There are 4 protein chains.
Amino acid sequence: MSETTDAGLESITARLDDPETAAEEGHRKIAWARQHMPILHELRAEFEADQPLAGQTVGMAMHVEAKTAALTELLAAGGAEVAITGCNPLSTHDDVSAALDSHERITSYAERGVDDDTYYAAIEAVIGHEPTITVDDGMDMIAAIHQDYPELIDSVLGGCEETTTGVHRLRAMDDDGELRYPVFAVNDTPMKRLFDNVHGTGEAALSNIAMTTNLSFAGKTVVVAGYGDCGRGVAKKAKGQNAHVVVTEVDPNRALEAHMEGYEVTTMAEAAAKGDVFVTTTGNRDVITEEHFTRMNDGAVLANAGHFDVEVNLDQLADLAADVREAREGVTAYELPDGRRLNVLAEGRLVNLASPVAMGHPVEIMDQSFGIQAVAVREIVENGDAYGAGVHDVPDALDREVAEVKLEAEGIDIDTLSDEQREYMGSWDHGT
Amino acid sequence: MSETTDAGLESITARLDDPETAAEEGHRKIAWARQHMPILHELRAEFEADQPLAGQTVGMAMHVEAKTAALTELLAAGGAEVAITGCNPLSTHDDVSAALDSHERITSYAERGVDDDTYYAAIEAVIGHEPTITVDDGMDMIAAIHQDYPELIDSVLGGCEETTTGVHRLRAMDDDGELRYPVFAVNDTPMKRLFDNVHGTGEAALSNIAMTTNLSFAGKTVVVAGYGDCGRGVAKKAKGQNAHVVVTEVDPNRALEAHMEGYEVTTMAEAAAKGDVFVTTTGNRDVITEEHFTRMNDGAVLANAGHFDVEVNLDQLADLAADVREAREGVTAYELPDGRRLNVLAEGRLVNLASPVAMGHPVEIMDQSFGIQAVAVREIVENGDAYGAGVHDVPDALDREVAEVKLEAEGIDIDTLSDEQREYMGSWDHGT
Amino acid sequence: MSETTDAGLESITARLDDPETAAEEGHRKIAWARQHMPILHELRAEFEADQPLAGQTVGMAMHVEAKTAALTELLAAGGAEVAITGCNPLSTHDDVSAALDSHERITSYAERGVDDDTYYAAIEAVIGHEPTITVDDGMDMIAAIHQDYPELIDSVLGGCEETTTGVHRLRAMDDDGELRYPVFAVNDTPMKRLFDNVHGTGEAALSNIAMTTNLSFAGKTVVVAGYGDCGRGVAKKAKGQNAHVVVTEVDPNRALEAHMEGYEVTTMAEAAAKGDVFVTTTGNRDVITEEHFTRMNDGAVLANAGHFDVEVNLDQLADLAADVREAREGVTAYELPDGRRLNVLAEGRLVNLASPVAMGHPVEIMDQSFGIQAVAVREIVENGDAYGAGVHDVPDALDREVAEVKLEAEGIDIDTLSDEQREYMGSWDHGT
Amino acid sequence: MSETTDAGLESITARLDDPETAAEEGHRKIAWARQHMPILHELRAEFEADQPLAGQTVGMAMHVEAKTAALTELLAAGGAEVAITGCNPLSTHDDVSAALDSHERITSYAERGVDDDTYYAAIEAVIGHEPTITVDDGMDMIAAIHQDYPELIDSVLGGCEETTTGVHRLRAMDDDGELRYPVFAVNDTPMKRLFDNVHGTGEAALSNIAMTTNLSFAGKTVVVAGYGDCGRGVAKKAKGQNAHVVVTEVDPNRALEAHMEGYEVTTMAEAAAKGDVFVTTTGNRDVITEEHFTRMNDGAVLANAGHFDVEVNLDQLADLAADVREAREGVTAYELPDGRRLNVLAEGRLVNLASPVAMGHPVEIMDQSFGIQAVAVREIVENGDAYGAGVHDVPDALDREVAEVKLEAEGIDIDTLSDEQREYMGSWDHGT
């Protein structure tokens, strides 16, 4: 669509020079994603038949690229009107945005590289559609409604939030009593956390490191800082590429788990002198600092797989360095006064984005995450009344439903409990 | 010690023909265990120095074998008087029992193969010592005190329970308002659950299957029923021996986790026709039944790694069979009318006990479990007042303490958070 | 059978007190083995139909236990008369020997624990059957024929030798021009070497260490000395049990292969201070010596998976030790003057035999090895003329045939080359 | 250098618009490679000190990119004059070529994208330097000398050949009696084959598939066609990323090896219906054909990791397809009439080159390969007389030397045999 909203910003189609060609390329990208998103595919048949979102308007502020587009189209297929914009001016693909905008029930305002004013005007344009449901990646939409359009709040049934950071901010807002409608913490579901963090981060980090450096992992010593879900994923996949893995941790239980898994566990101070490749996954700052840089070997590669670029202290590294230069595309070499070169990937930002062809998380991973989004939106419509204002965990039943859909899509049958088995599990006087 | 208690049963030393020789052999067995229990070793120095249990009497009903003996001696080293008996008449090692009884602060009543009357007389004998703390594996001691010696309850500070079954029964008792002192659910601590179930069960099940059958795992199809902690352990270790692993589950999320790990996931009905070796780990009954037996290949091996012998329905198998015989020590062959032979290990009981040389869980695993027991007993003395009557989780701090002791014993240093890092982790307005 | 031969020794049946009961138990043991020997099973149908060995007499000197019995019965099923005795007085199972002797075409002279005179009389008794084919494990039969019955040599078509040591001795004999008929080096076939050494040794060594010590591998540092086929197997399987693996080598290429696989590679002097468990697989002497013992940690476990008991220098260890005692069945503890205890399994002999229930190599492994034996015996009959006196490699076609039989028995189909593909592979001017 | 040769073609520097800037960028690329090539680094010190190539002229025809440049510089450091050109007009990096040409002892004629005349003029220009040693990747230099400059042959000491194809062609030439000087088959050394094929191909294929498709491997069924060194590498690394791996083979022994490793083994006809991702590694044609395409699932990904683009029969696929289009950069989607889409990567050519950022084999892998090249060139100078005209294996001692250099560079110490051990290994009468 291409209408002009009250807020005045036109949809992307009206602003592009050649919207048709862009839309065509966008459709191509979306088609690729859809082909590998079996959960959204299965849900689509149900949504089309049941029209669970009929009469609703969904306002979205997310990364507008192919995988998100598949979710957006699913919501429209379920009967909703959808208005969407980006949650980061740099992550939008204009062709995907144009393809979405060409859908009769979707309006897209997202455009890559717009300035701050246009970015926020786009959010306002989405709000101009008077959404009854919000879907956020970073809670910008929720914040704007609460701050600037409080009159709309009563008509909003609820919202969904995709990211750790957004959920974190929402909980704080909730604690302050400021959150005025129910929001599902999609980020926190087991299915998202286990697959996204372990497999998604693990594989994407290693592929990107390999492609950015032209190096291999076999026989390398890979130091993984942090043994949470992301760290487990990186360690496991690096071992699977025949690296020798060293884990650092601050939590003794996690450290012991890593030890029992067969990894070498030690402090970063010790690991610094051993590692060929370092991957930080802690979510904390200053994990690798001056005291570690000075012990590292010439040629060491430093990558961050945590959300923010604070894990490797680049300020300290720059201070130490006699010379800083781009050694390759995506690789900054810091040369110490004694000639050793430490190679930082992607400027210490999420290494999954380091490669020039980086595309964010794998398609199947987002299929699981967006499958949860879709059923959470449906839940808001069907049972939103049951949830008060505030942040809510996605019900286990929905997590389970998405798992079932995925299994069915993969053609995997599983067993079911008989009545006798169900009774047995619920009792305590059997046995011995 | 060899005293006679009020209940009349003499300690084991008074009942054995040659207690000195037995004690010597028992000390040898305990020495082996102690050598591989670094946590108990570290705690011993602390307990000897601080005497945290001085003035206390610990009444124990546990498997009286070498690993338990190391715990018992630790409690005595911490200042306690200890009276112990078995929690199963068949699991007692008389030599270990005699070795314990030779300790000046320990009295042991456990004797292998005693009849029911003597078994319960032994529990009463322990109670005759008027314990201030109880340590159970199956809650027999707690039950006896509550039912028959209620006058002692006021002087009991608290108790510990080792097993799933005991904790399950205690929670039911607690729900009924009948549990009158605080009891720690040692079984449920992360450190016990993760290591005992994943690594302990996984390795022990496979070793015992290999030694009982003289078969190898390379190239075999191993069907693992259940993908909880035990199932994960068996699947992981079987894959580590180059088996092709098939997982069956009733829970879609777990099924999906197994699938994403790379295992084949299907129903038992399908898996039945593929498997060379079946290992049940569900904790449920009737996991493998008539409909599965009839599809299995000649020579299939069936093993249970769950607690009770109800997972493989042997009654149905016996009904199906034209012939039943012992094919090897520890292996019962059920020959179907068409000549196919299904080989059940250990009569469907826990396969870790199948081999003629089976010795229960590995020493290091019990070191972790008993490390938790020891600090939980100390916690009862030091902070028992803080816990009301009922079942309590072991505090995280104790779980963490034991992990730290283990890391130290292994010579593993880990990092610690700086103040800045601690502050960063606690805030939500950094980043983006 | 129970006849008396020229040499005067009666078959085992005539010498046992209760041969029928023994034979029954022997049949039970053989039945178990046969059930898990699909290659021999498949070959049996062919041998029974084709009678390739009709008119031949096979003289065997091998370990007379269940797996060998399955081979012996196969040769008889192929039409041969078979006379068999042991190749080691301690490895014979009398019940299996009696079961074989009860076969109308097999005579067994093997009896456990006989003295040297009877042992050699049994070999002579086998030779008394005037074998046309010999099957040895250690070349005792071949040696006796060449030395004491040269008049029989002209009627011998050929022989097979099972072990490294036998093949080694035969090659020396051949070099001296003394070997007067063709002998197949069954030991050296790829199929035996790859499966027996990598998977068989790897799994059997670990299972036996686990069962003998009651220890687990998770989180342990396992030092593997030697990275040949056996060492690769032990390292790979130990990694599969979540051990941290350290490899020592003298060959730089193998050392580099281990390094690229992700193992830590260092000298034994360095590894000595790190290891929890040491497994030697070098085939050489003095791999672990005084300089290493003195660096080891208290409680270290030393196991040998090489053929002879010379890899760990126990004389030096005994000299160092202040005390030597049996710590457990199968475990000798050497206590150093400073109190550290080093635990040697199976007295430094092959650890696969350490456990009280040790049964040698897994059944399926011997199925592959004995499958080669069977087709090699058939080859001697069918094409023996084509081979001159001397040691010969088993033709690749036979190795391939056995692989095909195994795949078929496992129900595994593979692809075949088309004519075009075959032509393409044979040419060099395609491509670029 | 920038001289004009007899053949008339100027070196690249004379032909580029801005050679200085190009050389600077080329030096940056070479610096990155050198930093991760420890073998060449170690050899350089030796070559600089010993000048083993003093007085020699090396003529090279290889891919002129950063890794090759590091080898070229090493040869110059060893005292040689070097003239180099490309072995493929599309693989040259002009900046690297310019950087080489700026070296006073190196002349480079390689330029990207030149026409055939200029390509061959460059080879002639190299020959114009009258090389005493040739280093080829595809034997173009050797062929040109033999055909067009036979008068130079007497002054050539020998040559090296890098690739399978070149070695294959040289052996045919040798068989025809046409090869007139000794050439080392560097391609065939164990160290190149084991690391390049297993680890190099395995890791590079998977990284490129991941980056080109934005898909993950966890839970995927990956079908690997061929279980030679490359297939083993791909299978092993795919398993290490939590894929379920299916192997197809035509050789029963290799099929059995794959089975014993725990992989599913079957025919391509069966595998076709199961696979999510297919990777061919056979070196043969028509591995995936019409009969397989018709069974595949919608969305299947087809990649080739073999040398030539003949493994997937794209002609048949194009005939079957109702539509063919680029689905993503590097991905061609063939849509079958029923709507299923089969996605072919890199047009069926080596997938390691599929990604827009593909850079060929990892740096460390080429370090090993080029380490062999360097010592083979040295061997030609020092002992070339000992080799007659023809193709020769690189002596084991050189393979071993490079392994030793790599271990030293990595700081890895290994053990050495004592005299007693050496004697023991050489004898046959020890033991038993």
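All residue numbers refer to positions counted from 1 along the written sequence of the respective chain. Lettering for chains starts from A, numbering for ligands starts from 1, and both go in the order in which the items are written. In view of the model being predicted, local features appear only for residues whose pLDDT reaches at least 70, and side-chain atom pairs are presented and counted only at 80 or more, with totals across whole chains, interfaces and linings using the full set of residues. No hydrogens and no water enter the side-chain calculation; it runs on all heavy atoms of the structure.

## A short note on the UniProt feature "binding site: substrate" (unreviewed entry) in chain A
Residues and elements named next belong to chain A. UniProt positions are given in the numbering used here, feature names are shortened, and annotations may be inferred rather than shown by experiment. Using the residue numbers shown here, the UniProt feature "binding site: substrate" (unreviewed entry) corresponds to Asp 137, Glu 162, Lys 192 and Asp 196. Under the scheme used here, helices are H or I runs from DSSP no shorter than 4 residues and strands are E runs no shorter than 2 residues, and both carry numbers assigned from the N terminus. Mapping Asp 137 onto the fold places it in the loop between β4 (133-136) and α7 (140-148). Of note, Glu 162 is situated in the loop between β5 (158-161) and α8 (164-175). With residues up to four places along the chain from it excluded, the contact list for Glu 162 reads Met 62, Asp 136, Asp 137, Val 186, Asn 187, Lys 192, Met 366, Ser 369, Phe 370 and Gln 373. Each polar contact in these results corresponds to two N or O atoms within 3.5 Å; when the atoms are within protein, one needs to be able to donate a hydrogen and the other to accept it, and residues that are neighboring in sequence are counted only if both atoms are side-chain atoms. Here Ser 369 takes part through its side chain, which lies 2.7 Å from a polar atom of the side chain of Glu 162. Pairs of residues are marked as contacts when any of their non-hydrogen atoms sit within 4.5 Å.

## Remarks on the relation of the copies chain B and chain D
Copy-to-copy superposition: least squares on the C-alpha atoms, limited to residues that have pLDDT of at least 70 in both copies. Its rotation angle being 180 degrees, the transformation that places chain B on chain D also includes 0.0 Å of axial translation and leaves an RMSD of 0.1 Å. Accordingly, the operation relating the two chain copies is best matched by a two-fold axis. Across chain B, the rotation axis passes nearest the C-alpha of His 244 of chain B, at a separation of 4.7 Å. Of the residues that chain B buries at the interface, 100% are likewise interface residues in chain D, meaning the two copies contact each other through the same surface.

## Digging into the interface of chain A and chain B
Counting residues at the interface gives 56 residues for chain A and 56 residues for chain B. Interface of chain A and chain B: buried area, both sides summed, is about 5000 Å²; carbon and sulfur atoms make up 64% of it. What makes a salt bridge here is a side-chain nitrogen of Lys or Arg within 4 Å of a carboxyl oxygen of Asp or Glu, nothing more. The tally of links from chain A across to chain B stands at 4 salt bridges. Asp 251 of chain B is the salt-bridge partner of Arg 400 of chain A, the closest N and O atoms lying 3.9 Å from each other. Summed over the shared surface of chain A and chain B, the result is 15 residue pairs in polar contact (both at pLDDT 80 or more). Within the residue set of the side of chain A that touches chain B, elements represented by two or more residues are α8, α9 (190-213), α11 (252-260), α15 (363-383), α16 (396-409) and α17 (419-426) of chain A. For any pair of parts, buried area is found by adding up, for both, the accessible area (1.4 Å probe) each one loses once the two are put together.

## Thoughts on the domain arrangement of chain A
One widely used convention gives an interface's size as the accessible area the parts lose upon coming together. Residue and element names in this part refer to chain A. All the domain ranges listed were derived from an automatic or database domain assignment. Domain annotation of chain A identifies domain 1 (12-192 + 361-409) and domain 2 (200-354). Each of domain 1 and domain 2 has a C-alpha centre, and the two are 34 Å apart. For the pairing of domain 1 and domain 2, the buried interface totals around 300 Å² over both sides, and the portion due to carbon and sulfur atoms is 63%. Its largest share of buried area at the contact with domain 2, domain 1 owes to Thr 165, His 361 and Pro 362, together 80% of the area lost on that side. The tally of links from domain 1 across to domain 2 stands at 0 salt bridges. Connecting domain 1 to domain 2 are 0 residue pairs in polar contact (both at pLDDT 80 or more). Throughout this entry, Asp, Glu, Lys and Arg are counted as charged residues, while Ala, Val, Leu, Ile, Met, Phe, Trp, Tyr, Cys and Pro are counted as nonpolar. The remaining residues, Gly among them, count as polar. Here the side of domain 1 that touches domain 2 is built from residues that sort into 2 nonpolar, 2 polar and no charged.

## Observations regarding helix α3 (residues 38-50) of chain A
In this model, α3 of chain A (13 residues) spans 19 Å end to end at C-alpha, consistent with the 18 Å of a helix rising 1.5 Å per residue. Count one or two residues on from α3 of chain A and you reach Gln 51 of chain A, which has phi positive near 50 degrees. One less than the residue count of a helix, multiplied by 1.5 Å, gives the span that helix is expected to have.

## Regarding the interface of chain B and chain D
Listed by partner, the interface residues are 10 residues for chain B and 11 residues for chain D. Counting each side, the surface lost to burial between chain B and chain D is near 950 Å², with a carbon and sulfur contribution of 47%. Counting every contact that joins chain B to chain D gives 0 salt bridges. The interface formed by chain B and chain D holds 6 residue pairs in polar contact (both at pLDDT 80 or more) in total. Here the residues of the side of chain B that touches chain D are counted per class, giving 3 nonpolar, 5 polar and 2 charged.

## Some thoughts on the pairing of strand β7 (residues 221-225) of chain A
Residue and element names in this part refer to chain A. By the criterion of burial, β7 is predominantly enclosed, with 5 of the 5 residues buried. Residues of β7 alternate between two faces, with Thr 221, Val 223 and Ala 225 on one and Val 222 and Val 224 on the opposite face, all of them buried. Only strands joined by at least two bridges in the DSSP assignment are considered to pair. As defined by bridge partners, β7 adjoins strand β8 (residues 244-248) across 5 bridges and the pair is classed as parallel. Within the sheet, the bridge partner assigned to Val 223 lies in β8 and is Val 246. Per-residue accessibility, obtained with a 1.4 Å probe over protein chains only, is compared with the maximum for each type, and a residue is labelled buried under 20%, exposed over 50%, and partly exposed between these values.

## A word on the packing of aromatic side chains
All names here are of chain B. Stacked, edge-to-face and tilted are the three classes for Phe, Tyr and Trp ring pairs, Trp counted by its six-membered ring, which pair at centre distances within 6.5 Å; planes under 30 degrees apart are stacked, over 60 edge-to-face, the rest tilted. Taken as a whole and assessed by the stated rule, the structure comprises 12 aromatic pairs over all chains. With a centroid separation of 5.0 Å and 80 degrees between ring planes, the pair formed by Phe 184 and Tyr 387 is classed as edge-to-face. Of the two residues, Phe 184 is situated in strand β6 (residues 182-185) and Tyr 387 in the loop between α15 (363-383) and β15 (390-392); the sequence distance between them amounts to 203 residues. Of the residues examined, Phe 184 reaches a relative accessible area of 3% and is grouped as buried. Exposure remark for Tyr 387: the relative accessible area of 18% places this residue in the buried category. Over the ring of Tyr 263 we find Lys 239, and its NZ or CZ is 5.3 Å from the ring centre. In this scheme, the term charge over a ring applies when either NZ of a lysine or CZ of an arginine sits within 6 Å of the ring centre and within 35 degrees of the ring normal.

## Topic: unusual backbone geometry
As a rule of thumb, non-glycine residues mostly have phi less than zero, and peptide bonds are mostly trans rather than cis. The phi torsion at Gln 51 of chain A lies on the positive side, around 50 degrees, for a residue other than glycine. As for its placement among the helices and strands, Gln 51 of chain A is situated in the loop between α3 and β1 (57-61). Since its relative accessible area comes to 31%, Gln 51 of chain A is described here as partly exposed. Residues other than glycine seldom take positive phi values, yet Asn 214 of chain B does so here, at roughly 60 degrees. Here Asn 214 of chain B is to be found in the loop between α9 (190-213) and β7 (221-225). The exposure class of Asn 214 of chain B is buried, given its relative accessible area of 6%.

## Things to note about the relation of the copies chain A and chain B
The two copies are related by a screw motion: chain A maps onto chain B through a turn of 180 degrees and a shift of 0.0 Å along the axis, at an RMSD of 0.1 Å. When the interface residues of chain A are mapped onto chain B, 100% of them again lie at the interface, so the same face is used by both copies.

## Overview of the sheet that holds strand β12 (residues 323-328) of chain A
Residues and elements named next belong to chain A. Pairing is mixed in the open sheet, where 8 strands are placed in the order β9-β8-β7-β10-β11-β14-β13-β12. In this open sheet, the two edge strands, each paired with only one partner strand, are β9 (264-265) and β12. The pairing of strand β13 (residues 331-335) with strand β14 (residues 341-345) spans 5 bridges and is antiparallel. Residue pairing for β14: Tyr 334 is matched across the bridge by Leu 342. Axes here mean lines fitted to C-alpha atoms, for a helix over just the part in contact, with angles spanning 0 to 180 degrees between N-to-C directions. Lying over the sheet, helix α10 (residues 229-240) contacts β7, β8 and β10 (277-280), oriented at roughly 170 degrees with respect to β7.

## A word on the packing of helix α3 (residues 38-50) of chain B against helix α4 (residues 66-77) of chain B
Each pair of packed helices gets described by two things: the angle between the helix axes and the distance between those axes. Residues and elements named next belong to chain B. Interaxial distance between α3 and α4 falls to 8 Å at its minimum, and their mutual angle equals 20 degrees. By the angle between their axes, α3 is roughly parallel relative to α4. Considering only the axes of α3 and α4, their crossing is left-handed. Between α3 and α4, the residues in contact are Leu 40, Leu 43, Arg 44, Phe 47 and Glu 48 and Ala 70, Leu 71, Glu 73, Leu 74 and Ala 77, respectively. In terms of residue class, the contact of α3 with α4 is made up of 7 nonpolar, no polar and 3 charged. Should an angle lie under 35 degrees it is considered roughly parallel, over 145 roughly antiparallel, and from 65 to 115 roughly perpendicular; all remaining angles are considered oblique. Rotating anticlockwise by less than a right angle from the far helix to the near helix defines a left-handed crossing, while the corresponding clockwise rotation defines a right-handed one.

## Observations concerning the confidence of the model for chain A
Across chain A, the average pLDDT comes to 92, with 95% of residues at or above 70. Per the prediction output, this complex has pTM 0.92; the corresponding ipTM is 0.90. What pLDDT conveys is the predictor's confidence in a given residue, as a value from 0 to 100.

## Things to note about the packing of helix α2 (residues 19-35) of chain A against helix α4 (residues 66-77) of chain A
All names here are of chain A. Interaxial distance between α2 and α4 falls to 8 Å at its minimum, and their mutual angle equals 80 degrees. It follows that α2 is roughly perpendicular to α4 by the angle criterion. Seen from α2, the contacting residues are Lys 29, Ile 30, Ala 33 and Arg 34; seen from α4, they are Ala 66, Lys 67, Ala 69, Ala 70 and Glu 73. Taken together, the residues of the contact of α2 with α4 break down into 5 nonpolar, no polar and 4 charged.

## Some words on the environment of Glu 46 of chain C
Residues and elements named next belong to chain C. Within the fold, Glu 46 resides in helix α3 (residues 38-50). Classification of Glu 46 as partly exposed rests on a relative accessible area of 26%. Counting along the chain gives 32 residues from Glu 46 to Gly 78, while the straight-line C-alpha distance between them is 8.1 Å. Sequence-distant contacts of Glu 46, defined by excluding residues within four places in its chain, comprise Gln 51, Arg 378 and Glu 401. Among the polar contacts made by the side chain of Glu 46, one reaches the side chain of Arg 378 at a distance of 2.9 Å.

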